[in-house]
Amino acid sequence: MVIYLLSISVVATIYAVMALGLNVMWGTAGLVNLGLVGSAAVGAYTSALVTTRMGLPIPVGLLAGVLAAVLIGALLSLVTTRLKDNYLAIVTLGFAETIRIVASNEIWLTNGTDGISGIPGPLRAVLTPLQFNALYLAIVVCLLGLVYVVCQRILYSPFGRVLHAIRDDDVVVGVAGKNGRVFKVQAFAIGSGIVGLAGGLYAHYTSFIAPDLFVPLITLYVKLSLLLGGVGNNRGAVVGAAIVIVVLESTRFLVPLIPYISPTQGAAMREIILSAGLLIVLRFRLKGLVPEAHDHLTVRPQQNTAGLRPATT
Amino acid sequence: MLEISGVTRRFGGVQALSGVDLTISPGGITGMIGPNGAGKTTLFNCISGILPISGGEIRFLGQRIDGLRPDQISRRGLVRTFQIARGFPRLTVLESLLLYGADQPGESLAAALIRTRASIRREEALVEKACKLAERLKLSHVLGNKASDLSGGQKKLLEIGRAMMRDPQMLLLDEPMAGVNPSLIRDIGDRLISIAEDGVTIVLIEHQMDLIARLCQHVIVLADGRRMIEGTFDAVAGNTEVQNAYMGARR
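Per an unreviewed UniProt entry, chain B is named ABC transporter ATP-binding protein, and its organism is Bradyrhizobium iriomotense. Regarding chain B, the UniProt comment filed under Sequence similarities (unreviewed entry) reads as follows: "Belongs to the ABC transporter superfamily."

In the annotation of an unreviewed UniProt entry, the entry for chain A reads Branched-chain amino acid ABC transporter permease, and the organism field reads Bradyrhizobium iriomotense. According to the UniProt record, the Subcellular location (unreviewed entry) comment for chain A reads "Cell membrane".

Here's what the structure looks like:
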């Protein structure tokens with residue numbers, strides 16, 4: 001039971017990392033990305049291949065995974081700079097599916113639908129499963145902390161201000177003297193890199209990855225986490241991811257207690273509970289449980305200007 | 001200062017600009033008037049790089065600027081505002097002003113992550129500048145409000161303030177007084193005069209003739225996508241062609 005709790009904590013933390021990545025793209029710069037799981041797959045596969053085929057250490061694998069995801073994110077952004085909203089959503093959705101199908105068919109590289117097994121985990125051979133899970137949780141929590149700091153710095157900076165401006169009006173941002181395109185590509189690359197890190201962390205945790213793990217549903221869970229927690233707020237991203245995973249897991253035990261439904265109906269019931277929860281939040285707390293901050297200033301005026309609300313950071 | 005020669009712009013079958021030739025010399029406020037659909041806003045969009053031109057050339061301070069991106073043109077000191085106030089509803093007034101600040105090293109990703117001293121110092125300077133500007137434009141009391149909370153007139157003032165944050169050499173103002181109440185119009189007019197006195201060259205699209213008469217030393221009339229006539233307000237207003245096309249006959 002303790003191992004189970006540790007394991008869902010690890011998964012929740014990995015989701016939180018992905019939600020932070022999405023918050024850079026969507027929450028801050030307003031760039032819809034329904035292809036998150038594609039970046040996660042690139043990170044996971046790169047890290048898995050670097051550590052299994054090339055036998056390099058896990059940190060090198062993770063770093064390679066992040067870099068690969070950054071590159072693929074930048075590339076995806078470059079080909080979609082003129083797209084917004086629904087159009088961007090469709091293309092990014094297609095991107096993730098493309099990655100998945102490539103992973104299923106390029107057997108020489110990815111071992112196809114059989115997936116890659118035996119991906120090393122830190123000290124997995126010498127530790128008991130309980131110790132391994134505890135160690136891994138410590139590692140992912142530290143990395144989550146690091147990613148959180150990076151995302152906060154981005155959010156509260158002149159760089160983040162330009163991203164916020166792009167979210168509101170990407171034409172006027174040009175009149176402000178900023179090349180919006182360069183900022184969009186950077187936001188996409190960073191977000192994709194963070195999601196890639198999450199993918200790598202998942203691969204080294206479970207020791208096995210296959211194309212059918214990287215389905216669009218994962219992207220939706222992450223998006224849901226951010227909506228629930230609060231779009232544009234990094235703390236919200238973490239809180240939302242934790243809630244989504246807890247709801248998904250706890251209903252695993254609660255639903256079978258409902259009489260007269262089959263296990264298949266029970267599985268569907270869990271999704272319904274999650275969706276209903278989302279609808280309730282969107283109806284009563286549109287901005288999420290931890291709403292976006294009122295402003296993101298790093299320097300405040302000296303004199304106590306009337307109308308300027310106190311710091312909320 | 002700004003030389004426009006033979007500029008054309010087509011939207012499908014509509015010829016919005018059919019060979020505009022005009023020159024704006026440095027200093028003062030130049031009025032740009034003309035009937036709806038004359039091509040005034042299209043011309044602004046072409047000058048500021050938001051719309052590509054179909055033909056002709058545009059020079060600013062002697063250098064070609066047609067074909068440049070809007071951000072490159074703004075960085076050269078030519079900044080515009082929009083007819084229907086556009087901007088950043090989810091940024092606060094102060095943030096909107098800071099956004100327009102030039103030379104902020106903190107806009108690079110690396111500097112944002114490290115929080116370099118240079119970026120913090122620049123931010124302090126920009127905040128001070130924004131506060132002074134806000135005072136001048138009577139926006140001090142709403143600095144911390146979201147831009148979407150402002151009244152129509154305040155949004156217009158914010159547009160001017162944002163543009164001023166870049167220390168422009170030339171300002172293109174697209175109907176800065178449309179939808180603004182009479183006392184505020186007077187205010188905005190006074191601000192524009194004081195901005196022009198600071199050495200900023202202003203080009204102003206406006207439909208209220210008494211304002212044009214009060215503010216503008218020079219007036220250009222556009223009609224059917226080309227320059228019809230230019231000169232002092234009195235000369236232009238006395239022209240029968242202009243009266244027929246735009247102002248309506250005077251009794």
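The discussion continues.
(A) Up close: the pattern of salt bridges. Residues and elements named next belong to chain B. Counted according to the given criterion, the structure contains 23 salt bridges over all chains. Lys138 is the salt-bridge partner of Asp187, the closest N and O atoms lying 3.2 Å from each other. You can see Asp187 sitting in helix H7 (residues 182-197) and its partner Lys138 sitting in the loop between helix H5 (117-136) and helix H6 (152-165), a full 49 residues away along the chain. Residue classification places Asp187 among the partly exposed residues on the basis of a relative accessible area of 22%. Among the salt bridges present, the one from Glu159 reaches Arg162, with a minimum N-O distance of 4.0 Å. You can see Glu159 and its partner Arg162 sitting in helix H6, 3 residues apart, about one turn around the helix. Of the two residues examined, Glu159 and Arg162, each falls in the buried class. Beyond isolated ion pairs, a larger network of salt bridges with shared partners links Glu57, Arg59, Arg64 and Asp66.

About the criteria used
- Residues numbered from 1 in each chain as written.
- Chains lettered and ligands numbered in written order.
- Predicted model: local features only at pLDDT ≥ 70, side-chain atom pairs only at ≥ 80, totals over all residues.
- Heavy atoms only, no water.
- UniProt positions renumbered as here; feature names shortened; annotations may be inferred.
- Salt bridge = Lys/Arg side-chain N within 4 Å of Asp/Glu carboxyl O.
- Helix = DSSP H or I, 4+ residues; strand = E, 2+ residues; numbered from the N terminus.
- Buried < 20%, exposed > 50% of the residue type's maximum accessible area, 1.4 Å probe, protein only.

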